[in-house]
Amino acid sequence: MHIVTFTRSTPDTAARLTVDADGSVSQGDAAMVVNPWDEYSLEESIAQAEGQGGTATVIAIGPEVHEEALRQALAMGANEALRMDDPALATTDSIGWATVAAAAVRRLDDIDLVIFGKEAVDTGSDQHQIQTARYLGWPFIGAVSRILELDAAGGRLRVERSLEQGRQVLDCRLPAVISVLKDINEPRYPSFMGIRRASRASIPLWSLADLEVTLPKPLTQRLKLEEPPQRLAEAELLSGSPAEQAGALIERLEKEQVL
């Protein structure tokens with residue numbers, strides 16, 4: 001059993017982000033963290049690999065900043081980590097990202113399952129997951145809240161999905177791609193020995209040439225980023241007793257034809 005999960009480093013969700021005049025995003029002194037949704041996919045891939053006596057591999061696509069997320073995954077118990085980077089990735093879109101992700105999975109060759117977190121918090125996107133499954137030609141199931149059965153020998157996967165209307169149980173063949181929700185597990189804390197092992201680990205770096213792929217022309221392009229316009233608001237405090245304030249408010253609302 002070989003399970004792959006993808007991760008990335010993202011700004012802390014508590015960080016105050018600003019957009020500079022040139023359109024670059026700044027987060028000040030705030031630290032980068034593992035994409036919060038990936039904590040659940042990392043835990044699930046590690047737990048399932050441990051339960052099956054298999055291997056959990058974690059992959060990051062992008063610059064060196066993402067290596068911290070990879071080391072966090074190794075500290076949690078992932079068996080292997082690798083990163084893909086290339087100058088051409090700086091201007092690609094989700095189609096290009098999925099092209100690289102699928103190529104990496106194909107190169108690893110013996111993958112039974114790919115697990116994604118629900119989305120990337122810095123971009124708010126998840127379409128790259130479905131696109132990766134499409135390039136691989138594998139089935140995709142999203143919003144997974146529980147893996148009920150994972151049978152690598154029989155090539156079968158059964159999962160439970162959480163939907164607004166209730167829960168849904170689905171079967172599919174392996175290999176497959178899934179995305180998981182936070183209901184699926186409670187991520188573990190890295191052990192001291194795991195942190196030491198991760199700090200010493202050498203993480204392979206693959207390029208587009210190593211993967212023998214050429215990025216497709218982007219279908220979408222980010223033209224610019226800018227701060228939302230400031231909204232100026234005025235407030236008026238009504239005087240008098242609560243009853244007088246209520247009467248004055250009703251009179252004002254009727255005058256403005258709100259009531």
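First things first, this report covers the structure right here in the doc. Within each chain, residue numbers correspond to sequence positions counted from 1 in written order. Local features in this predicted model are restricted to residues whose pLDDT is 70 or higher, and side-chain atom pairs enter the listing and the counts only when it is 80 or higher, whereas totals over whole chains, interfaces and linings include all residues. Heavy atoms throughout the structure, all of them, feed into the side-chain values; hydrogens and water do not.

## Considering the side chain of Thr10
Stage number 1. For Thr10, the position within the fold is in strand β2 (residues 9-11).
Stage number 2. Per-residue accessibility, obtained with a 1.4 Å probe over protein chains only, is compared with the maximum for each type, and a residue is labelled buried under 20%, exposed over 50%, and partly exposed between these values. Relative accessible area serves as the criterion here: at 0%, Thr10 is assigned to the buried category.
Stage number 3. We call two residues contacting when some pair of their heavy atoms lies within 4.5 Å. Once you skip the residues sitting within four places of it in the chain, Thr10 turns out to touch Ala31, Met32, Val33, Val34, Asn35, Pro36, Val121 and Asp122. By the criteria applied, helices consist of DSSP H or I runs no shorter than four residues and strands consist of E runs no shorter than two, each listed in order from the N terminus.

## Some points on the pairing of strand β7 (residues 80-84)
Stage number 1. Taking burial as the measure, the five residues of β7 include four buried ones, the bulk of the element.
Stage number 2. Two strands make a pair as long as DSSP finds a minimum of two bridges between them. In terms of strand pairing, strand β6 (residues 55-61) meets β7 through five bridges, oriented parallel. Bridged to Ile59 within β7 is Leu82.
Stage number 3. Examined bridge by bridge, β7 and strand β13 (residues 205-206) share two bridges and lie parallel to one another. Within β13, the residue paired with Arg83 across the bridge is Leu205.

## What about the side chain of Thr132?
Stage number 1. Here Thr132 lies in helix α4 (residues 127-136).
Stage number 2. Setting aside chain neighbours within four positions, we find Thr132 in contact with Trp97, Ala98, Ala101, Ala102 and Phe116.

No statement about biological role is implied by the geometric values presented.
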